[in-house]
Amino acid sequence: MRLTVQMRVSATVHDARDFAIAKHSGQVRKHDGRPYMVHLDAVASVLSEHGYKNPDMLAAAFLHDTIEKSDTTIEEISQRFGEQIAELVYWLTDSEKGSRTSRAVQAAWRLSRAPWDAKLIKLADIIDNGTAIASHNPAFGPTFLDEKRLCLKKMAEVENGRLLRLPLFQRAATVTESASL
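Rules and cut-offs
Residues numbered from 1 in each chain as written. Predicted model: local features only at pLDDT ≥ 70, side-chain atom pairs only at ≥ 80, totals over all residues. Heavy atoms only, no water. Helix = DSSP H or I, 4+ residues; strand = E, 2+ residues; numbered from the N terminus. Rg over C-alpha atoms; globule rule 2.2 N^0.38 Å. Buried < 20%, exposed > 50% of the residue type's maximum accessible area, 1.4 Å probe, protein only. Contact = heavy atoms within 4.5 Å. Areas by Shrake-Rupley, 256 points an atom, 1.4 Å probe, with all protein chains shown as cover. Axes fitted to C-alpha atoms, helices over the stretch in contact; angles between N-to-C directions. Parallel < 35°, antiparallel > 145°, perpendicular 65-115°, else oblique. Left-handed = near helix turned anticlockwise from the far one by under 90°. Nonpolar A, V, L, I, M, F, W, Y, C, P; charged D, E, K, R; others polar. Core = buried A, V, L, I, M, F, W, Y, C linked by side-chain atoms within 4.5 Å. Polar contact = N/O pair within 3.5 Å; in protein donor to acceptor, adjacent residues only side chain to side chain. Phe/Tyr/Trp six-rings, centres within 6.5 Å; stacked < 30°, edge-to-face > 60°. Lys NZ or Arg CZ within 6 Å of the ring centre and 35° of its normal. Salt bridge = Lys/Arg side-chain N within 4 Å of Asp/Glu carboxyl O. 1 Å grid on protein atoms, 1.4 Å probe; cavity = no way out; pocket = protein on both sides within 12 Å on 5 of 7 lines; lining within 4 Å. Points joined across faces, edges and corners; volume = space filled by probe spheres on them.

Caption draft 1: How the structure looks around the overall build of the protein chain. Of regular secondary structure, the protein chain possesses 11 helices and 0 strands. Each helix and strand of the protein chain, placed in order from N terminus to C terminus, yields the pattern α-α-α-α-α-α-α-α-α-α-α. For a compact globule of 181 residues, the expected C-alpha radius of gyration is about 16 Å, and the protein chain comes in at 16 Å, within 12% of that figure. Principal-axis analysis of the C-alpha atoms places the extent of the protein chain at approximately 50 × 40 × 30 Å. Across the 181 residues in the protein chain, those meeting the buried criterion constitute 46%. For the protein chain, restricting intrachain contacts to residue pairs at least 6 apart in sequence, the fraction spanning at least 24 positions comes to 67%. Looking at the protein chain as shown, the accessible area adds up to about 9,200 Å², and 54% of this sits on carbon and sulfur atoms.

Here it is as structure tokens:
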């Protein structure tokens, strides 16, 4: 039975990664010029390093930017990967309007109310993006890191001590603080 569950887990995560590879084909990270999949692999890797190996979470980690950065729809994610994964992707998708400041506040509010697993993915996302942007785009780094500190603050307010105690949260907070110095 355990082998069957592991095979399903591997298949879901593998399929999500393959889907992301196809959707992000030819895309590069604007701050360092590396293939976009480097970021998605890093987010999944950070989660795994911290012991988060839930297949839905890892699949959503690979898919979290597909709606924003490709022609993918939430319906497509739901049909292909199921509602649980689609819901995580939904919470991680920026769709806010307005000024950069307004969008950052709206994103922080949205993510503070997101499901726990979406918050964990966002923490891994902040770790990878914060590190890359601070080192490859020092002019934009402080703005980005300020926005992510607001996001961390709002998530911590909603979750209280539960989130603050997590090594993953502490690492994200350290990235946003030390990279901005």
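Caption draft 2: Looking closely at the packing of helix α7 (residues 100–112) against helix α9 (residues 141–159). In contact at an axis separation of 8 Å, α7 and α9 are set at 30 degrees when each is read in the N-to-C sense. Comparing their axes, α9 and α7 come out roughly parallel. Crossing of α7 over α9 shows right-handed handedness. In contact with R100, A104, V105, A108, W109, L111 and S112 of α7, α9 contributes T143, E147, L150, C151, K154, M155 and V158. Across the contact of α7 with α9, the residue classes break down as 9 nonpolar, 2 polar and 3 charged.

Caption draft 3: Main features of the nonpolar core. L47, L120, I121 and L123 are the most contacted members of the largest nonpolar core, which totals 48 residues. Considering every element that reaches this core, the biggest residue donor is helix α8 (residues 116–136), with 8 residues. Not counting residues within four places of it along the chain, the set of residues in contact with L123 comprises L152, M155, L163, L168, F169 and A172.

Caption draft 4: Unusual backbone geometry, seen in detail. Look at N160: it is not a glycine, yet its phi comes out positive at around 55 degrees. Relative to the helices and strands, N160 is located in the loop between α9 and α10 (161–164).

Caption draft 5: Just the side chain of S112, in detail. Tracing the backbone shows S112 in helix α7. The buried category is assigned to S112, whose relative accessible area is 0%. Within the structure, the side chain of S112 is placed 2.7 Å from the backbone oxygen of W109, a separation counted as a polar contact. Setting aside residues no more than four positions away along its own chain, S112 makes contact with K119, K154, M155 and V158.

Caption draft 6: Highlighting the packing of aromatic side chains. Under the counting rule described, the total for this entry stands at 3 aromatic pairs. When the centroid spacing of 5.8 Å and the interplanar angle of 80 degrees are considered together, the rings of Y90 and W91 count as edge-to-face. When the ring of F140 is compared with that of F144, the centres are 6.1 Å apart and the planes differ by 50 degrees; the resulting orientation is tilted. The ring of W116 carries R162 above its face, with NZ or CZ at 3.6 Å from the centroid.

Caption draft 7: Inspection of the pattern of salt bridges at higher detail. Under the criterion given, the structure shown has 15 salt bridges. A salt bridge links E159 to K119; the shortest N-O distance between them is 2.5 Å. Here E159, found in helix α9, pairs with K119, found in helix α8; they are 40 residues apart in sequence, far enough to count as distant. The burial state of E159 is the same as that of K119; both residues are buried.

Caption draft 8: A look at the layout of surface pockets. Size it by volume and the largest pocket reaches roughly 790 Å³. Together, 30 residues line the largest pocket, and E68, K69, D94, R100 and F144 are the ones closest to its centre. Of all the secondary structure elements, the ones that give two or more residues to the lining of the largest pocket are α4 (66–69), α7, α8 and α9. Top contributing element to the lining of the largest pocket by residue count: α7, with 6 residues. Broken down by class, the residue content of the lining of the largest pocket amounts to 11 nonpolar, 6 polar and 13 charged.

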